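In case you want the letters, here they are:
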Amino acid sequence: MFKTELRKKYKELRHELTSEKVEEMSLAIANQLLSLDIWDKTYYHLFLTIAEQKEINIEFLLHILSGKDKEIVVSKSDFATLGMAHYLLTDNTKFRKNTYNIPEPVDGLEVPVIKMDVVFVPLLAFDAKGNRVGYGKGFYDKFLSECRPETIKIGLSFFDAEEIIEDASEKDIQLDYCVTPNRIYKF
């Protein structure tokens, strides 16, 4: 399938999920993550859930990271440049939803991209080769291309892999892992 078809398909599949199912699958994904060999790192970049899009509830992952005393980084999007600024999450971090209902930090201590050890990547769909489909703006492809080569990129998905994304391009940054409620894919 092509990216536009996949976006439509997976937005519809997500829309059909109940809030209880979203919570149940989000917890299963967080539990799956515990078996990955990634917990010796320092800086973990985490996307913030767009509840209206029935995205994965990252609260469970947030508790894991906090319990392991990790440095958690969250982003603020710049729609003019399609770039993101990254901020250390602290007890004092205040959030405001942008026009796309993405919760974003108002301000804080900025963290350079080169510090990121692990990035949890939002997505709508992914394939068996580690290609992903997001909402189509390119924020994460740009961000991931700026990360160090050894930065671990982990997609989180409610659904299993598609066989292939027909129009994946060389500019698309592939994932190292994708974690679903029932399986861990390694690429």
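Please read all numbers here as calculations on a predicted model, not as lab measurements. (Residues numbered from 1 in each chain as written. Predicted model: local features only at pLDDT ≥ 70, side-chain atom pairs only at ≥ 80, totals over all residues. Heavy atoms only, no water.)

(A) Quick peek at the side chain of Asp141. You can see Asp141 is positioned in helix α4 (residues 139-146). In this structure the side chain of Asp141 is engaged in a polar contact, spanning 3.2 Å, whose partner is the backbone nitrogen of Ile173. The residues touching Asp141, leaving out its near neighbours within four places in the chain, are Arg132, Lys171, Asp172 and Ile173. (Helix = DSSP H or I, 4+ residues; strand = E, 2+ residues; numbered from the N terminus. Polar contact = N/O pair within 3.5 Å; in protein donor to acceptor, adjacent residues only side chain to side chain. Contact = heavy atoms within 4.5 Å.)

(B) Highlighting the sheet that holds strand β2 (residues 71-78). Pairing is mixed across the open sheet formed by seven strands, whose spatial order is β3-β2-β1-β6-β9-β10-β11. Edge positions in the open sheet fall to β3 (83-88) and β11 (184-186), since each of these has one partner strand only. Ignoring strand direction, the axes of neighbouring strands in this sheet form an average angle of 25 degrees. The pairing of strand β1 (residues 43-45) with strand β6 (residues 118-121) spans two bridges and is classified as parallel. Bridge assignment links His45 to a residue of β6, and that residue is Val119. (Pairing = 2+ DSSP bridges. Axes fitted to C-alpha atoms, helices over the stretch in contact; angles between N-to-C directions.)

(C) Quick peek at helix α3 (residues 59-67). Taken together, the buried positions of α3 are occupied by Leu61, Leu62, Ile64 and Leu65. One side of α3 holds all its buried residues, which, seen down the axis, span an arc of 160 degrees. Away from its buried face, by an angle of more than 90 degrees, α3 presents the exposed residues His63 and Gly67. Just downstream of α3 lies Asp69, where phi reads positive at about 60 degrees. (Buried < 20%, exposed > 50% of the residue type's maximum accessible area, 1.4 Å probe, protein only. Arc of directions from axis to C-beta.)

(D) Looking closely at a negative patch on the surface. A contiguous patch of negative charge on the surface is contributed by Glu5, Glu163, Glu166 and Asp167. Assignment of secondary structure puts Glu166 in the loop between β9 (152-156) and β10 (177-179). With a relative accessible area of 47%, Glu166 lands in the partly exposed category. (Patch = residues over 30% accessible without salt bridge, like charges linked within 9 Å, V, L, I, M, F, W, Y side chains within 5 Å. Areas by Shrake-Rupley, 256 points an atom, 1.4 Å probe, with all protein chains shown as cover. Salt bridge = Lys/Arg side-chain N within 4 Å of Asp/Glu carboxyl O. Lys, Arg positive; Asp, Glu negative; His and termini not counted. Charge placed at Lys NZ, Arg CZ, Asp CG, Glu CD.)

(E) Representation of the pattern of salt bridges in the model. One pass over the structure, following the stated rule, counts 10 salt bridges. A salt bridge links Lys21 to Glu24; its shortest N-O distance comes to 3.2 Å. Of this pair, Lys21 and Glu24 both sit in helix α2 (residues 19-33), three residues apart, which is roughly one turn of the helix. Lys21 sits in the partly exposed class, given a relative accessible area of 33%.

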